[in-house]
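Structure assessment
Here are the chains, one letter per residue:
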Amino acid sequence: MGEDTTAGVAGLVQLGEDVTSTRAAFLLHVKPERLSEYVEVHQRVWPEMLEALSRHGWRNYTLFLREEDGLVVGYFEADDVDAAQAAMGADPVNATWQAEMAQYFVEGSVQEALLPYFRLA
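To keep things clear, this report deals only with the structure shown in the data block. (Residues numbered from 1 in each chain as written. Predicted model: local features only at pLDDT ≥ 70, side-chain atom pairs only at ≥ 80, totals over all residues. Heavy atoms only, no water.)

**Concerning helix H6 (residues 92-101)**
For clarity, the threshold we go by: Each residue gets one of three labels from its accessible area relative to the maximum for its type: buried under 20%, exposed over 50%, partly exposed in between, using a 1.4 Å probe on protein chains only. For the purposes of this entry, the term helix denotes a DSSP run of H or I that reaches at least four residues, the term strand denotes a run of E that reaches at least two, and both are numbered from the N terminus. Taking the helix axis as origin, the arc is that swept by the directions to the C-beta atoms.
Among all positions of H6, only Val 93, Asn 94, Trp 97 and Met 101 are buried. Looking down the long axis of H6, one finds its buried residues gathered within 95° of arc, a one-sided arrangement. The outward face of H6, more than 90 degrees from its buried face, is lined by the exposed residues Pro 92 and Ala 99.

**What about the sheet that holds strand E1 (residues 23-29)?**
Filter applied, for reference: One requirement defines pairing of two strands: DSSP has to find at least two bridges between them.
Strand order in the open sheet formed by four strands is E2-E3-E1-E4, with antiparallel pairing between adjacent strands. Because the sheet does not close on itself, it has two edges, and the strands there are strand E2 (59-66) and strand E4 (112-113). Direction of pairing for E1 relative to E4: antiparallel, over a ladder of two bridges. Counterpart to Leu 27 in the pairing with E4 is Glu 112.

**Focus on the pairing of strand E3 (residues 71-77)**
Where E1 meets E3, seven bridges bridge the pair, whose relative direction is antiparallel. From the neighbouring strand, Ala 24 faces E3, where its bridge partner is Phe 76. Between the end of E2 and the start of E3, which pair antiparallel, lie four residues, with Gly 70 showing a positive phi angle near 80°.

**Here's the deal with the pattern of salt bridges**
The criterion, for reference: Note on definitions: salt bridges are taken to be side-chain nitrogens of Lys or Arg within 4 Å of carboxyl oxygens of Asp or Glu.
On inspection of all chains with the given rule, the structure shows five salt bridges. Between Arg 55 and Glu 51 there is a salt bridge, with the nearest N and O atoms lying 2.2 Å from each other. Here Arg 55 pairs with Glu 51, and both are found in helix H4 (residues 47-55), just four residues apart, close to one helical turn. Residue classification places Arg 55 among the partly exposed positions, given a relative accessible area of 45%. Salt bridges sharing common partners tie together Glu 51, Arg 55 and Asp 91.

Written as structure tokens, this is what we have:
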């Protein structure tokens, strides 16, 4: 059989820290039967949630949806992704928003970080 390439893939990445520390992408899985509601809610995100994202340095935050199965891909940029995520994780408005959003996700679904491996500048 072929060799297991997944263990060493991260070691193959040759992107600078200016890319890996300033951009993040992740996956979520929305219940297919709740997709319409989930999208509608995101058409009117709470102003205080939008303000918190901006205050904590999130930029170019975009969510993409694969309608067939509810797969969501999220992407954002920040000067320091880890710090921006930590700040949002500690923000009370985010805790309230996440609790409200939990009803839309497939049971056991957690935000899964994606590995950046190529960038065309």
